[in-house]
Amino acid sequence: MSLVVQKYGGTSVGSVERIQAVAQRVTKIARTGNSLVVVVSAMGKTTDSLVKLAQAISPHPCRREMDMLLSTGEQVTIALLSMALQELGQPAISLTGAQVGIVTEAHHSRARILNIQTQRISRHLNEGKVVVVAGFQGISSTNELEITTLGRGGSDTSAVALAASLGASRCEIYTDVPGILTTDPRLVPDAQLMDEITSDEMLELASLGAKVLHPRAVEIARNYGLPLVVLSSWTDEPGTFVVSPAPQPRSLEGMEISQSVTAVEFDNNQGKVALLRVPDYPGVAAQLFGEIARQELDVDLIIQSIHESNTNDIAFTVNSGILKRAEAVAEAIAPVFRSQPTANPQEAEVMVDRHIAKVSIAGAGMIGRPGIAAEMFTALATAGVNIQMISTSEVKVSCVIDSQDCDQAIAALCQAFKVASSPIHLLAAGEAKDTAVSIAKFQPAVRGVALDLNQARLAIRFVPDRPGMAARVFGLLAERNISVDMIIQSQRCRVVKGFPTRDIAFTVSQVDAEAAQMALQELAPILGCGEILLNREIAKVSIVGAGMVGQPGVAAQMFAALAEHQINIQMITTSEIKISCVVDQDQGVMALQVIHQAFGLAGNKKIQVPA
Ligand code: ADP
Ligand code: ASP
Ligand code: MG
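Note that the structure is predicted; figures quoted are calculated from it, not measured. (Residues numbered from 1 in each chain as written. Chains lettered and ligands numbered in written order. Predicted model: local features only at pLDDT ≥ 70, side-chain atom pairs only at ≥ 80, totals over all residues. Heavy atoms only, no water.)

**With respect to the overall build of the protein**
Thinking step 1. A count of helices and strands for the protein gives 17 helices and 28 strands.
Thinking step 2. For 611 residues, the compact-globule estimate of 2.2 N^0.38 gives 25 Å, and the protein sits close to it at 25 Å.
Thinking step 3. The principal-axis extent of the C-alpha atoms belonging to the protein is close to 85 × 50 × 45 Å.
Thinking step 4. Sequence-distant contacts, at least 24 apart, represent 78% of the contacts inside the protein between residues at least 6 apart.
Thinking step 5. Accessible surface computed for the protein: about 24600 Å², of which carbon and sulfur atoms make up 53%. (Helix = DSSP H or I, 4+ residues; strand = E, 2+ residues; numbered from the N terminus. Rg over C-alpha atoms; globule rule 2.2 N^0.38 Å. Contact = heavy atoms within 4.5 Å. Areas by Shrake-Rupley, 256 points an atom, 1.4 Å probe, with all protein chains shown as cover.)

**A closer look at the sheet that holds strand β12 (residues 240-243)**
Thinking step 1. Overall, mixed pairing links the eight strands, which are arranged β3-β6-β2-β1-β9-β11-β12-β10 in an open sheet. The two strands at the open ends of the sheet, each matched to only one other strand, are β3 (92-95) and β10 (196-198). Ignoring which end each strand starts from, the neighbouring axes of this sheet average 20 degrees apart.
Thinking step 2. Bridge count between strand β9 (residues 170-175) and strand β11 (residues 228-232): five bridges; the pairing is parallel. Its bridge partner lying in β11, threonine 175 is registered against serine 232. (Pairing = 2+ DSSP bridges. Axes fitted to C-alpha atoms, helices over the stretch in contact; angles between N-to-C directions.)

**A few points about the site of ligand 2**
Thinking step 1. If you check the shell around ligand 2, you find Ser41, Ala42, Thr47, Glu74, Phe136, Arg152, Gly153, Gly154 and Ser155 and nothing else.
Thinking step 2. Serine 41 has a polar side-chain atom sitting 2.9 Å from an oxygen atom of ligand 2.
Thinking step 3. Protein contact buries 87% of the 260 Å² of open area that ligand 2 shows by itself.
Thinking step 4. For the shell around ligand 2, the residue count by class is two nonpolar, five polar and two charged. (Near = heavy atom within 4 Å. Polar contact = N/O pair within 3.5 Å; in protein donor to acceptor, adjacent residues only side chain to side chain. Nonpolar A, V, L, I, M, F, W, Y, C, P; charged D, E, K, R; others polar.)

**Quick word on the sheet that holds strand β8 (residues 147-149)**
The strands that make up a sheet pair up through hydrogen bonds in the backbone, lying either parallel or antiparallel.
Thinking step 1. Taken in spatial order, the four strands of this open sheet run β5-β4-β7-β8, and their pairing is mixed. Each having just a single partner strand, β5 (113-116) and β8 make up the two edges of the open sheet. Here the average twist between neighbouring strands, direction ignored, is 45 degrees.
Thinking step 2. The sheet contact formed by strand β7 (residues 137-140) and β8 spans three bridges and is antiparallel. By the bridge assignment, glutamine 137 is partnered in β8 with threonine 149.

**Looking at the site of ligand 1**
Thinking step 1. Neighbouring residues of ligand 1: 15 residues in total, closest Thr175, Asp176, Leu181, Asp184 and Arg186.
Thinking step 2. Contact distances for ligand 1 include 3.0 Å between an oxygen atom and a side-chain N or O atom of lysine 7.
Thinking step 3. Between threonine 175 and ligand 1, the recorded distance is 2.6 Å, taken from a side-chain N or O atom to an oxygen atom.
Thinking step 4. Bound to the protein, ligand 1 loses 90% of the 570 Å² it would expose on its own.
Thinking step 5. Taken together, the residues of the shell around ligand 1 break down into five nonpolar, five polar and five charged.

**Observations concerning the packing of helix α9 (residues 284-294) against helix α16 (residues 554-564)**
Thinking step 1. Where α9 meets α16, the closest approach of the two axes is 8 Å, and the angle between their N-to-C directions is 145 degrees. Read as a crossing pair, α9 and α16 show a hand that is left-handed. The segment α9 lies against α16, with Ala285, Ala286, Phe289, Gly290 and Ala293 engaging Ala556, Phe559, Ala560 and Ala563.
Thinking step 2. A class-by-class count of the residues in the contact of α9 with α16 yields eight nonpolar, one polar and no charged. (Left-handed = near helix turned anticlockwise from the far one by under 90°.)

**Regarding the pairing of strand β22 (residues 484-489)**
Thinking step 1. Burial analysis of β22 places five of its six residues in the buried class, which makes it a mostly covered element.
Thinking step 2. As judged from the four bridges shared by β22 and strand β24 (residues 499-509), these two strands associate in the antiparallel manner. Bridging across to β24, isoleucine 487 finds its partner in phenylalanine 506. (Buried < 20%, exposed > 50% of the residue type's maximum accessible area, 1.4 Å probe, protein only.)

**Some remarks on the packing of helix α11 (residues 371-382) against helix α12 (residues 406-417)**
Thinking step 1. Contact geometry for α11 and α12: axes closest at 9 Å, N-to-C directions at 135 degrees. Comparing their axes, α12 and α11 come out oblique. As for how α11 packs across α12, the hand of that crossing is right-handed. Two secondary-structure elements touch here, α11 through Ile372, Glu375, Met376, Ala379 and Leu380 and α12 through Ala409, Ala412, Leu413, Ala416 and Phe417. (Parallel < 35°, antiparallel > 145°, perpendicular 65-115°, else oblique.)

So, in C-alpha cells, the structure goes:
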C-alpha cells in the first residue's frame with residue numbers, strides 16, 4: 001500500500017459532472033488499497049472571475065483582501081469533491097490549507113511554504129479517509145494566522161509540498177492535456193507529448209511561460225527527489241515523468257526558503273567576442289551564428305542588447321581554446337554588416353576580450369526571489385569586481401568579469417551565499433564531440449519551446465561603468481519586491497561627460513512594469529544615469545534542452561528560423577540549457593510556431609484541448 005498525492009486543476013473540476021468523474025477516479029484508486037491525498041483548484045475559471053470582481057470595486061485592491069477572496073474558490077471545490085466521494089461510499093474529508101497546517105511566510109499573494117504539519121492528515125488517512133485539500137492557500141505563522149495564497153497556479157506547489165512532507169511515493173498532477181508537451185497546444189496544434197523531461201529542463205520551461213506546472217512545484221520535487229508525473233484527467237495514459245537527480249538530504253523545515261543558492265560555479269578559461277553596431281534587421285544573428293556553427297565552434301553565453309539608432313551589439317563567449325577561430329569568423333563576417341564596404345569601421349566593429357571569467361550562482365530556490373541576483377551584484381561590487389556581461393535564467397545568474405578578478409569574485413560569492421564553489425566541467429577538445437553525441441542520444445538538443453506574452457522590457461541608458469551599479473539598480477527593485485527576468489548589459493561603452501557608461505536592459509512581468517519604471521526614475525538622477533525606456537509590446541520566446549550543451553549550431557538554428565520569417569530579434573540571452581529571444585509582441589505566436597517546427601518537434605498525433 002502506498003501513499004499518493006493527486007492534484008486536479010481548474011478545468012478538471014470545472015463542473016458537477018467533472019467533479020463526479022474525479023470522484024470516480026479517486027475512489028477506484030482508493031479501493032486498490034492506496035492512501036490518497038487529493039489537492040484541488042478552484043472550479044474552472046473561478047479565480048479569474050474573483051479577480052474581476054475585485055477589480056470592479058478597486059483598481060489596486062490590497063493583497064490581504066485578495067488572498068481572503070481568492071482562497072474561497074478552492075474551498076468550494078474541496079467540499080463538493082468530498083460530497084461526491086461520500087456519495088460513492090468512499091469516506092472522505094475536506095480541509096483548508098489552514099486546517100492541514102500548510103504554514104507559509106506572511107507575504108500575501110506570493111507566500112512561500114515554510115512547513116506542513118502533517119499529523120492531522122495522517123490521522124484521517126489512518127481512518128481510511130481520502131483527504132481532500134484546498135490548493136493554492138496556506139496560513140501564515142504569525143500570531144494573527146493570516147490566510148495566504150501561493151501565487152497563481154500555486155495548487156501544483158501545494159500538492160508537491162504535501163507529497164514531500166508526507167513522504168508520498170509520488171505526486172500526480174492531473175490536468176486538461178495529456179502531459180507535458182513540446183509547447184502549448186493551444187498555440188501550436190501539432191505540439192507533441194513527451195514521455196519524460198528532466199527537472200532542470202522543466203524548471204526552465206515552467207518559468208519561461210509553460211504554465212502546465214508551477215515552477216515552484218518543480219523546484220520542490222527536484223529538491224526532495226520526489227517522483228512527479230503530469231497526466232490527463234480524461235484518459236488513462238501514463239503522461240509525462242519529471243525526472244529529478246538523487247536528492248541531497250534536506251530538512252522539511254523552511255521548505256521553500258532555505259538555501260536559495262546551492263552552488264557557485266566558475267569558468268576562468270573563456271574569451272569574449274562582441275560585434276558592436278550591427279544593423280537591426282532580421283537575420284543578423286542567424287548569419288553570425290550560422291557561420292560559427294559551420295566552423296563547429298561551440299558558443300557558451302550569447303547576449304544581444306537593446307539597439308540604439310538602429311544598431312545592436314551581439315556578444316558571445318567561447319572556451320579560450322577556440323577564441324582565435326571565433327574571432328576570425330567575426331572579423332570575416334563584419335564587413336557584410338557594414339552599410340558600404342568603405343563605411344566607418346565603427347560599424348560592425350569586432351571587440352575581443354581574451355581573458356574573461358564567467359562566475360555563476362545556481363539554485364532552484366532563487367525563482368521569484370528578486371533579492372538573490374541583487375545580492376550577487378552587491379557581493380561582487382563590495383569585492384571591487386566590475387561586471388562586463390550579465391546573463392540570467394530563473395535558476396542561474398552568470399556574470400562575465402575580468403579573469404584577474406575571478407578568485408576574488410568566487411571567494412566573495414561563496415561567503416555571501418555560504419556554499420562551496422566548483423568549476424564548470426569543460427569538455428576537452430577531442431572529448432567534446434563524442435560526449436555531445438552521447439548526450440544527444442539521450443537528451444534532445446531542444447526538448448520544448450515556450451512563449452511568454454506577459455513581460456515588459458525596461459532599459460536604463462548611460463549607467464556609469466563601475467562596480468556597484470547593477471547592485472544598486474537591482475537592489476532597489478528587489479526592495480520593492482519586483483522580480484526581474486532577463487538582464488542584459490550592453491557591450492558598447494559610451495563616454496558621457498568624461499565617464500564610460502553602458503546601457504542595462506531587463507524584462508519584468510507586465511504587472512510590475514510601472515512600479516519598476518518609477519523606481520528607476522527615482523534612482524537614475526542619484527546614480528547619474530540617462531533616460532528610462534519602457535516597452536510593453538514584447539514577447540519572449542525560448543528553447544530549452546539539456547542536450548544543447550556541447551552541441552554547436554542550436555542557437556544558429558533558432559535564429560535562422562526567426563530570420564526566415566522576417567522576425568527581428570530585440571534581445572538574446574542564454575543559459576547552458578536555454579536560449580531566449582525577445583521579439584515584437586505581434587510576432588510572438590508566429591515565432592513560437594516556426595521555432596517549434598524548425599527543431600522538428602511537431603508531430604501528427606492530435607492533442608485534444610478542452611475549451
Ligand atoms: P490546471 O488548471 O490543470 O492547473 P493549467 O491551465 O494551469 O491547468 O495548465 C495546463 C495548460 O497549460 C494547458 O491547457 C496548456 O494550454 C498549457 N501549456 C502551456 N505550455 C504547455 C506545455 N509545454 N505542455 C502542456 N501544456 C502546456
Ligand atoms: N486557482 C488558482 C489559480 O487559478 C490556483 C491554481 O489553480 O493552481 O491560479
Ligand atoms: Mg495550473
